[in-house]
Amino acid sequence: MNDEATSSADRDDDTTDFGFTRVDREAKASMVRGVFDSVASRYDLMNDLMSGGVHRLWKRYTIELSAARSGQTILDIAGGTGDLAARFSRLVGPEGKVILADINAAMLEVGRDRLIDKGATGNIEVVQADAQALPFKNNSVDCITIAFGLRNVTDKALALRSMLRVLRPGGRLLVLEFSKPTSALLGKVYDQYSFQILPAMGRLIAQDADSYRYLAESIRKHPDQETLLGMMEDAGFGECRYHNMTGGIVALHQGFKP
Amino acid sequence: MTQHDPALLSAALAAAEQALNQAVTLAPYSHQELDAVSGTLLGIEITTVDLTVYIEIVTDTEVRLMAHCERDTDTFVRGTLEDFAALATSYDPAATLINSGIELEGSSTSLITLQQVIARMEIDWEAPLVELLGDVVGHQIAEGLRRFLRWGEGARTSLKRQVSEYLQEEGGLTPPKAELEHFYDAVQSVAMRTERAQSQVEKLLAKAAARETPQ
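Heads up: these notes are all about the structure in this document. Small disclaimer: the values here were computed from a predicted structure and weren't measured.

Thresholds, definitions, all that
- Residues numbered from 1 in each chain as written.
- Chains lettered and ligands numbered in written order.
- Predicted model: local features only at pLDDT ≥ 70, side-chain atom pairs only at ≥ 80, totals over all residues.
- Heavy atoms only, no water.
- 1 Å grid on protein atoms, 1.4 Å probe; cavity = no way out; pocket = protein on both sides within 12 Å on 5 of 7 lines; lining within 4 Å.
- Points joined across faces, edges and corners; volume = space filled by probe spheres on them.
- Helix = DSSP H or I, 4+ residues; strand = E, 2+ residues; numbered from the N terminus.
- Expected span 1.5 Å × (residues − 1).
- Buried < 20%, exposed > 50% of the residue type's maximum accessible area, 1.4 Å probe, protein only.
- Arc of directions from axis to C-beta.
- Polar contact = N/O pair within 3.5 Å; in protein donor to acceptor, adjacent residues only side chain to side chain.
- Contact = heavy atoms within 4.5 Å.
- Nonpolar A, V, L, I, M, F, W, Y, C, P; charged D, E, K, R; others polar.
- Axes fitted to C-alpha atoms, helices over the stretch in contact; angles between N-to-C directions.
- Parallel < 35°, antiparallel > 145°, perpendicular 65-115°, else oblique.
- Left-handed = near helix turned anticlockwise from the far one by under 90°.

1. Considering empty space enclosed by the protein
Over the atoms, a rolling probe the size of a water molecule traces out where space has been left empty. Residues and elements named next belong to chain A. Taken as a whole and judged by the stated rule, the model has 3 cavities of 30 Å³ or more. As a volume, the second largest cavity reaches approximately 70 Å³. Around the second largest cavity, the lining residues are Tyr43, Asn47, Lys59, Asp76, Ala78, Gly79, Gly80, Thr81, Asp83, Leu84, Ala147 and Phe148. Secondary-structure elements contributing two or more residues to the lining of the second largest cavity are α3 (43–51) and α5 (83–92).

2. A few points about helix α6 (residues 105–118) of chain A
The periodicity of an α-helix, 3.6 residues per turn, causes residues three or four positions apart to be oriented the same way. All names here are of chain A. Taking 1.5 Å as the rise per residue, α6 with 14 residues should run 20 Å; its terminal C-alpha atoms sit 20 Å apart, in good agreement. Along α6, the residues that are buried comprise Met107, Leu108, Val110, Gly111 and Leu115. Buried residues of α6 fall within an arc of 160° about the axis and therefore sit on the same side. Residues of α6 that are exposed and point over 90 degrees away from its buried face: Ile116 and Asp117. The N-terminus of α6 is capped by Asn104, whose side-chain oxygen sits 2.9 Å from the backbone nitrogen of Ala106. Looking one or two residues past α6, Gly119 carries a phi angle of roughly 80°, positive in sign.

3. A closer look at the side chain of Arg172 of chain A
Of note, Arg172 of chain A is situated in strand β7 (residues 167–178). Polar side-chain contacts of Arg172 of chain A include one of 3.5 Å to the backbone oxygen of Ser66 of chain A. Separated by 2.6 Å, the side chains of Arg172 of chain A and Glu70 of chain B make a polar contact. Here Arg172 of chain A is in contact with Leu65, Ser66, Ala67, Asp142, Cys143, Ile144, Leu167, Gln254, Gly255 and Phe256 of chain A together with Glu70 of chain B, once residues within four sequence places are set aside.

4. Describing the layout of surface pockets
There is about 1000 Å³ of room inside the second largest pocket. Forming the walls of the second largest pocket are 33 residues, and the residues nearest its centre are Arg56, Arg60, Asp83, Arg87 and Lys118 of chain A. Of all the secondary-structure elements, those providing two or more residues to the lining of the second largest pocket are α3, α4 (55–66), α5 and α6 of chain A together with α1 (6–25), β3 (62–66) and α6 (126–133) of chain B. Split into classes, the residues belonging to the lining of the second largest pocket amount to 9 nonpolar, 9 polar and 15 charged.

5. Concerning the packing of helix α2 (residues 29–36) of chain B against helix α5 (residues 109–119) of chain B
Residues and elements named next belong to chain B. Put simply, α2 and α5 touch, their axes get as near as 9 Å, and they point 165° apart. If you check the angle between α2 and α5, you find them roughly antiparallel. Crossing geometry of α2 relative to α5 is assigned as left-handed. Where α2 abuts α5, its residues Tyr29, Ser30, Glu33 and Leu34 lie against Thr113, Leu114 and Val117. The residue inventory of the contact of α2 with α5, partitioned by class, reads 4 nonpolar, 2 polar and 1 charged.

Right under this line is the structure:
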């Protein structure tokens, strides 16, 4: 059984995962914030390091699967430096709206600056928000994306329910997240890369090996493809499915609000 | 759950899209042609590899390539890789489209326009590949692609020449081009002489009729 399912079951122990360490549930948010405060200015570089630059392709497919069109409202949770939001801004046009949300103020600041630099303004709102308690009206959003953010949320089931509440009936949720490689050989290579090479690169480039080690550990503790699929169904999403990308290193889950 | 890894397909489409849009930007002649079909969405299903790609002509300078699209297409074509390769390199895409095994739903205008715009471009694949994959890998792939395209063009020309030679020399099934042109010239000449003779005969008949008519 995946760890996420376990952590939901034994919630009364008041602890949760922070990478491979068990920490107090209340403390996790501030610890994650610490990691992202540390890496915010080099977030894009970090994504490039962690994915070998392929994260742009994973995000490109996420945008295609969103089927975003003119006039829609899109909520990008854990939107980081705003690369998805910038693309959505063009697709929804002046009649539509993109909400870039992140719990971390430092990330939002970088994202806002980046969007202004790209000329993506006018139809974008930047909101500091907790995915577990989204500050938006019921049935107000056509599509929600959360790219490489769900694994950092303390209570993922609560966050999924919050997303369902905000979505319009027929609206879709797309969760792009690191997952479990489908081949054992690829899994071993990926482990070596994540736990040996990635922290070393973090030390060299960002002088911050601990944050990068946390990121690698948090990926391993994140629910695998089938577990996350079950969690989405449990939260109330319908027509749930996922697409493995790059051998399952990343999976894109999709679900609709009935 | 999908048959093709979306990341691989996205890589190919991202590189192709970037190269195409750069080439379109540098080819002002294409803007008017693309403007006439802007806003249209094409779907291309390649049955050989069970792959569907969508092409949206966004504006006169922007084309978008997608692996997934939920909108209704204006044009949808289905065929084998060989059919599409023939169409892509055809000098007369309308004729190729009619004579090939490609199934077409909707209007052919945007497909033919796009084929003509692309056929006239000399796309530099290296820049987008380098941007996408870095200097070393991008350059190697671009070099391989250039070699493949040169080989493909050479093979196509060579095959065309050899098939033509076989049909004429070995099979004796078709006449050589020069002989055919000479035949057409001769036919043309006979047609012109016949017309002149007919005209002379008509004049003579008119004169004879005038003489026989009582004053």
